[in-house]
Amino acid sequence: MPSQEQIQRWMDGYRTAWESNDPEDIGRLFAEQGVYYTEPYAEPWRGRQSIVENWIRIRDEPGDTEFTWKTLATDGDLAIVQGDTLYRDPQRRYSNLWVIRLDPDGRATEFTEWWMKH
C-alpha cells in the first residue's frame, strides 16, 4: 500500500512537472510501461516516452494554475486523490479525482484523471 509519504512525493513531483513541463520531471513520475488516461474512457498514453510527448503537446503554461489535493483512499498499489484546480487565464475551476497505481519505486504504472468543470 502506498504510504502517505510516497503519495506526497509523487504529488509533489506531479506538481513540479505540471509547472516545468520538463521531460525529465514528467518522465520521473511514470514507470517505463506506465499508462496515462487523460479521461476515464479515453485511449491512454502508453509508455513513459508517449506520456512525456503527449503531456508536452497539451501542456498548461507554468504559473497558470493553483492546485490543492488530499488523499481519499489507498489500497494495495492504489491511491485515490481528490483535487481542486483553478486556472487563471481564462479563469475556470475543476474538481479532480485521480486514480494512481504506484510501483514499489513510487512511479505510476497507471494514472487516470477524472475531472469535472464547475
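Residues numbered from 1 in each chain as written. Predicted model: local features only at pLDDT ≥ 70, side-chain atom pairs only at ≥ 80, totals over all residues. Heavy atoms only, no water.

## Let's talk about the nonpolar core
What counts is decided by this rule: As used in this record, nonpolar core signifies buried Ala, Val, Leu, Ile, Met, Phe, Trp, Tyr and Cys residues forming a set joined through side-chain atoms within 4.5 Å. Think of it in three bands: with a 1.4 Å probe and only protein chains considered, a residue is buried below 20% of the maximum accessible area for its type, exposed above 50%, and partly exposed in between. Secondary structure elements are taken from DSSP: a helix is a run of H or I of four residues or more, a strand is a run of E of two residues or more, and numbering for both begins at the N terminus. Only heavy atoms enter the contact rule, under which two residues are in contact if any of them lie within 4.5 Å.
Within the largest apolar cluster, 24 residues are counted, with the highest numbers of intra-cluster contacts made by Trp-10, Tyr-14, Phe-30, Trp-55, Trp-98 and Ile-100. Looking at this core, the elements that each hand over two or more residues are helix 1 (4–20), strand 1 (30–37), helix 3 (48–57), strand 4 (78–88), strand 5 (91–102) and strand 6 (108–117). Discounting residues that sit within four places of it in the chain, Trp-10 has contacts with Leu-29, Phe-30, Ile-100, Leu-102, Gly-106, Arg-107, Ala-108 and Phe-111.

## Describing the side chain of Asn-21
Short version of the rule: Within 3.5 Å is the distance limit for a polar contact, defined as a pair of N or O atoms, with the added protein rule that one can donate a hydrogen and the other accept it, and that residues adjacent in sequence qualify only through two side-chain atoms.
The residue Asn-21 is located in the loop between helix 1 and helix 2 (23–28) in this model. On the accessibility criterion, Asn-21 (10% relative accessible area) is buried. Among the polar contacts listed, one links the side chain of Asn-21 to the side chain of Trp-55, at a separation of 3.2 Å. Engagement of the side chain of Asn-21 in a polar contact is seen with the backbone oxygen of Asp-60, the distance being 2.9 Å.

## Quick word on the pattern of salt bridges
In plain terms, the rule: Salt bridges are counted wherever a side-chain nitrogen of Lys or Arg sits within 4 Å of a carboxyl oxygen of Asp or Glu.
Taken as a whole and assessed by the stated rule, the structure comprises eight salt bridges. Residue Arg-88 is joined to Glu-66 by a salt bridge in which the shortest nitrogen-to-oxygen separation is 3.3 Å. Taken as a pair, Arg-88 in strand 4 and Glu-66 in strand 3 (residues 65–75) lie far apart in primary sequence, 22 residues in all. When its relative accessible area of 40% is taken as the criterion, Arg-88 is described as partly exposed. The salt bridge partner of Arg-101 is Asp-77, with a shortest N-O separation of 2.6 Å. With Arg-101 in strand 5 and Asp-77 in the loop between strand 3 and strand 4, this residue pair connects regions lying 24 residues apart in the sequence. The class of Arg-101 is partly exposed, set by a relative accessible area of 31%.

In short, geometric facts, not functional conclusions.
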